[in-house]
Amino acid sequence: SSFVLPQEELVIAREELSKMQREAPLKEKVFEQSKGKWKDQRAGLKVEIKRLTALLGAKEAELQECRTQHSRQIQDNYQKADRASEVKALKAAVAELRETVDNKEAEVIDLRTAHSVIVQQHQHKERAAKEKRRALSDKGSSKTVALEAD
């Protein structure tokens, strides 16, 4: 059982085969040109991929640097906040010390005043005692003088 094409279809098939054989070199040429273009495009794409890969690497490095700077900035901010609170604490301590110094100065002034008063009282007592001794001495010598005169 063989397959037989009617005569008319056989003529059409031969014409199509003939047409295909005539077009084949042209199609092959177009295919080769397309293949060349594709190779060129592929090479261009490889170059573009390398360029974009390098650019990506540079951008990743920039990003890492930004992250590092951001971390440093955060650390600096924390340190500044720590220093600010330390400064605040130191200012409070200085104010407390100034108050203590002021109180001690007031105590010193009070002690000097009390010392002055005590010194004056002592000097007054010494003068009074001297005068008493002199008076007694004068009285004694006048008694002696009176006795000698007798």
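What you are looking at is a predicted structure, and each value in this text was computed from that prediction instead of being measured.

Asks: Where do I start with the overall build of the chain in this structure?
Replies: Helix and strand counts for the chain stand at one helix and zero strands. Scaling as 2.2 N^0.38, a compact globule of 150 residues should have a C-alpha radius of gyration of about 15 Å, whereas the chain reaches 61 Å, well beyond that. Each of the three principal axes of the chain carries a C-alpha extent, and together these read 200 × 30 × 20 Å. Buried positions account for 0% of the 150 residues belonging to the chain. Accessible area for the chain stands at about 14,300 Å²; split by element, carbon and sulfur atoms hold 58% of it.

Asks: Help me out: how do you make sense of the environment of Glu60 in this one?
Replies: With respect to the element layout, Glu60 can be found in helix α1 (residues 7-149). A relative accessible area of 48% places Glu60 in the partly exposed class. Distance from Glu60 to Leu45, taken between C-alpha atoms, is 22 Å for residues 15 residues apart in sequence.

Asks: Quick question: what am I supposed to make of the pattern of salt bridges here?
Replies: Note that side chains of opposite charge can pair when their charged atoms are close. Scanning all chains against the criterion turns up five salt bridges. Across the pair Glu23 and Lys27 runs a salt bridge whose closest N-O atoms are separated by 3.8 Å. One end of the pair, Glu23, and the other, Lys27, are both in helix α1, four residues apart, so they sit about a helical turn from each other. Look at Glu23 and you get partly exposed, because its relative accessible area is 29%. We note a salt bridge from Lys104 to Glu107, for which the minimum N-O separation is 3.9 Å. One end of the pair, Lys104, and the other, Glu107, are both in helix α1, three residues apart, so they sit about a helical turn from each other. Judged by relative accessible area, which is 46%, Lys104 ranks as partly exposed. For Glu107, a relative accessible area of 41% translates into the label partly exposed.

Asks: What exactly am I supposed to notice about a positive patch on the surface here?
Replies: Judged by side-chain charge, Arg127, Lys130, Arg133 and Arg134 come together as a positively charged surface patch. Position of Arg134 relative to the elements: it lies in helix α1. Look at Arg134 and you get exposed, because its relative accessible area is 51%.

Conventions and cut-offs
- Residues numbered from 1 in each chain as written.
- Predicted model: local features only at pLDDT ≥ 70, side-chain atom pairs only at ≥ 80, totals over all residues.
- Heavy atoms only, no water.
- Helix = DSSP H or I, 4+ residues; strand = E, 2+ residues; numbered from the N terminus.
- Rg over C-alpha atoms; globule rule 2.2 N^0.38 Å.
- Buried < 20%, exposed > 50% of the residue type's maximum accessible area, 1.4 Å probe, protein only.
- Areas by Shrake-Rupley, 256 points an atom, 1.4 Å probe, with all protein chains shown as cover.
- Salt bridge = Lys/Arg side-chain N within 4 Å of Asp/Glu carboxyl O.
- Patch = residues over 30% accessible without salt bridge, like charges linked within 9 Å, V, L, I, M, F, W, Y side chains within 5 Å.
- Lys, Arg positive; Asp, Glu negative; His and termini not counted.
- Charge placed at Lys NZ, Arg CZ, Asp CG, Glu CD.

All we've got here are geometric facts, nothing functional implied.
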